[in-house]
Structures are given as structure tokens and as C-alpha cells.
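Below are the chains, spelled out letter by letter.
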Amino acid sequence: MRDDPILIVGGGIGGVGAGLALARAGHRVQVFERSSAFGEIGAGIQLGPNVMRMFERLGVKEAVLDIGFRPTALVMRDAIQGFEIARVPLGPGFEKRFGQPYAVIHRADLHAVLLEALKAEPNAELFTDHDAEGFAQDAAGVTLRFKGGKEARGRALIGADGLWSRIRQQVIGDGKPIVSGHIAYRAVLPMEEVPEAISRHEMTVWVGPRIHLVHYRLRRGTLMNLVAVFHSDRYSEGWNESGDVAELERHFAGTRPEVRALLAKINAWKYWVLCWREPRRGWSQGRVTLLGDAAHPTLQYLAQGANQAIEDAVCLADMLAAYAADLPAAFRAYEDARVLRTGRVQIMSKVYGEVFHAAHVTAELRNAMLANRTAEQAWDGMAWLYEGPVWPYYGASG
Ligand SMILES: Cc1cc2nc3c(=O)[nH]c(=O)nc-3n(C[C@H](O)[C@H](O)[C@H](O)COP(=O)(O)OP(=O)(O)OC[C@H]3O[C@@H](n4cnc5c(N)ncnc54)[C@H](O)[C@@H]3O)c2cc1C
């Protein structure tokens, strides 16, 4: 029955984005979040031209740009010696080439824009405190079971429940994600506390052996977002553990004074252990499919996990429009349309991690390969990602 809802497990950027894309396309949706509120914890997200195209389709691009920040360039610098290794200009030439801007945003701000748009959709219902445990499907629909015994019934189910997805375990059953051995410490700093020597207008990544530090401005430029990454064999599930300042100082001990001065401004870090999976097929099983990190969790080095989740959402809506009479066929077509692109992001993100953290000759080779590129050459390197997404029936959901 077309009137039965599509059930979505997970109210993160992927789940809320999927709810919005489907509701806008005329589907009834119910989004179930296990936490007691819909929301996102701190830290920034970079948004490429590829996801800007999706925001345009979802009608939220202006709201995103209004609360975000537009850096003038992506710059890579040597964290030990300070010299510039590479630069990707993001000004008018970039926008002309890709037809869309580049922006950075606080995760909570992006989530809020998507959530407000979803709440305004009459077809959408949102539920908190619903911890999904598993599902059963039959020829007509899917029954979703929650902790405490509650159930929901719909004509399809989308697992957008993130890196540790339970829905994935029932669909694919491939156990825990891969622990990368990299840890990310993150914090935000009011702009007035940022040391003078730190660039205000660029997204900067300082790279060094087994470490890097990224910083860029957020929330209309009022905050500086910091993410410091280093290698460690520590492991704990979750996103929001408290970081140890001394441990961070140890890993960044040999870096430039301006890097250390910036890190020293923060006394309360949060950290998370970075995990990912090898790409694989099998996300769609009958009336159930996966989306976002549940389907293709990636390391953050290409800054594309959330971008890809939103692309998934719009693609899913297009496939449901194209295969209106056959929901399992729509889900298979969605997976086919997405698996190579998201797989490339997963693989290339891992490669970029090795490029960022290179030492010795590998670092020299990186520097030599990236030196003296023109803006066009730098943009060409990102064209496979930023010129997309492309799939059959693009635009079918309106
Ligand atoms: C350091 C770092 C930097 C990053 N930078 C970028 C960037 O610059 N650009 C970018 O695009 N991406 C970036 N990412 C990736 C991005 O954060 C993720 O890819 C994105 O958040 C995935 O969204 P999601 O909705 O699929 O999953 P999640 O954000 O994990 O959301 C899953 C939701 O499901 C809920 N849930 C889980 N289990 C259940 C259950 N059983 N029942 C009900 N609800 C449940 C959770 O509470 C959560 O709300 C970065 C990631 C990291 C770690």
C-alpha cells in the first residue's frame, strides 16, 4: 500500500536527509531515533559541490549556506617545517568549474536545517526513544521491533543507523567495522581566541608523520573548528569520549609553534576512534536497504561521509520514483547506482589518510607530486567526486 509509511531507523544526517528526500517526493515516512532528542554533537563538516547539488534538490541550499562558512581555499602545509605543499582555490573559478560552491558547517547546524525542513513536511513523523532491535519482512511489508517491545509496520525499511548499524547486521551480518588505528580529537574555539598566525579564511590541513591537524571556521565564521588526528591502538566505541591533553601534546610535540599554540588554546577535547569498512554489496534485501554510514562507512580524509549519505537519500527517492510499482527493484537499483561511487570514496579516503600521514621518502614524493599544480590541475584531481553524482533516472523524484 502506497499509504503505508517507509520506516527509517536513525535520525542522524543520513536518516533525516532520507526522510526529507522521500517526504518531498510524496512518500509517508516515519523516522525513529534511539536518543531522547534529534540532534548532532559538535565538530564541523565540509560540503563539496556534489552535496550542494543535492541540497538544491532538497530545497535547503540557501539555509545551509546562510549558516555555514565559505573558505577561500583548501591548503595543505607541512606540520613540522611550515611550508605550503598544495593549494586548491575555492573562489569563482572553482564555482564556475563545478557549478556549485564549497562550504563548511557545524554538524549541529546542518542537522538542524534538515530537521526543520523535515518537520515541515506533512508526510513525516518523527519518534525519539525508539531503539530498533531488528525487523521481519514478508511479501507486503516490514515489521520493525524496538527495545521494550514496541513495533512499527511499514512498506519498507531504511537502515540509517550509522557505523555500528544493527540493521546492517541483520542484512549483511559482517560484524564490527575495521578499527583504523587513527584517533580524532576535536574541539571548537571562539574566533577571538585563535592565534594571529593561523589562517582565517582557508581550510588548512597541517600534515606530518602519523599526524595531521585540520582547522576551518564555522557558524558564519564565529567559531574555529579543530580536528587533530594521530595514530594510536586505543579502541572504544562511540563518538564523544573526553580527550587527554597530554596525549595530544605528545603526538604533536615536534610540530610548528603556531600549530602547538593553537592546540594549547583548548583544554577540553572530545575524541573518537576512526573506523571504516571495505566496500561491499548486499545493502538491499527485499524491502530493506541501508544508507549512509550503515551502508558504506568511510574514514574522514576526503570529508565525504555525510555528503555521500545525502547523495544516497536523493538517489533513493529517484529510484523509488522510477520503479514505483516494484519496491525491491528500486532498492536494488539504488544500491547498483551507489556502490561504486561510495566504494571509491571509502578506498580513496584510506589512501588520502596515508598521504596525509606520510613520512620520509613517501612524504617527499607527496610534496613533489603536489607541487606547482595550477588551479585547473588541482580541480581536475577532484572532478570524479565534485562533478557527480550521476545515476540513471537522475531527477525522477522531482
Ligand atoms: C572526524 C570526522 C570528520 C568528518 N568530517 C566529515 C566531513 O567533513 N564531511 C562529511 O561529509 N563527512 C564527514 N564525516 C563523516 C560523517 O560524520 C558521517 O559519514 C555521517 O555523520 C554519517 O551519517 P549517518 O546518518 O549515516 O550516521 P550517524 O551520523 O552515525 O547517525 C546514525 C543515527 O542513528 C541512530 N541510531 C543508531 N542505532 C540506532 C538504533 N538501533 N535505533 C534507532 N536509532 C539508532 C544514532 O543515534 C544516530 O542518530 C566525518 C567523520 C568524522 C569521524
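Here, every reference points to the structure presented above.
The sections below set out a description of the structure shown in this document.

Scoring rules and cut-offs
- Residues numbered from 1 in each chain as written.
- Predicted model: local features only at pLDDT ≥ 70, side-chain atom pairs only at ≥ 80, totals over all residues.
- Heavy atoms only, no water.
- Core = buried A, V, L, I, M, F, W, Y, C linked by side-chain atoms within 4.5 Å.
- Buried < 20%, exposed > 50% of the residue type's maximum accessible area, 1.4 Å probe, protein only.
- Helix = DSSP H or I, 4+ residues; strand = E, 2+ residues; numbered from the N terminus.
- Contact = heavy atoms within 4.5 Å.
- Salt bridge = Lys/Arg side-chain N within 4 Å of Asp/Glu carboxyl O.
- Pairing = 2+ DSSP bridges.
- Axes fitted to C-alpha atoms, helices over the stretch in contact; angles between N-to-C directions.

**Thoughts on the nonpolar core**
Ranked by size, the top nonpolar core spans 71 residues in total, and within it Phe55 and Leu144 carry the most contacts. No other element matches the nine residues that helix 9 (residues 305-322) contributes to this core. Look past the residues within four positions of Leu144 in its chain and what remains in contact with it is Leu7, Val9, Phe32, Ala132, Gly134, Phe135, Lys150, Glu151, Ala152, Leu157 and Ile167. Judged by nonpolar contacts, the second largest core, of 37 residues, contains Ala43, Val229, Leu299 and Ala378.

**Details of the pattern of salt bridges**
Evaluated as defined, the whole model comprises 24 salt bridges. Across the pair Arg341 and Glu311 runs a salt bridge whose closest N-O atoms are separated by 2.7 Å. Within this pair, whereas Arg341 is found in helix 10 (residues 327-356), its partner Glu311 is found in helix 9, the two being separated by 30 residues in sequence. This pair shows no difference in class: Arg341 is buried, exactly as Glu311 is. Residue Glu354 is joined to Lys350 by a salt bridge in which the shortest nitrogen-to-oxygen separation is 3.4 Å. You can see Glu354 and its partner Lys350 sitting in helix 10, four residues apart, about one turn around the helix. Within this structure, Arg77, Glu84, Arg87 and Glu202 form a network of salt bridges that share partners.

**Some details on the sheet that holds strand 2 (residues 29-32)**
Read across the open sheet, the five strands follow the order 7-2-1-11-18; overall the sheet is parallel. The outermost strands of the open sheet, each flanked by one partner alone, are strand 7 (124-127) and strand 18 (288-290). Within the sheet, the average angular offset between the axes of one strand and its neighbour, ignoring direction, is 20 degrees. With three bridges connecting them, strand 11 (residues 156-159) and strand 18 associate as parallel partners. Paired with Gly159 across the strands is Leu290, a residue of strand 18.

All we've got here are geometric facts, nothing functional implied.
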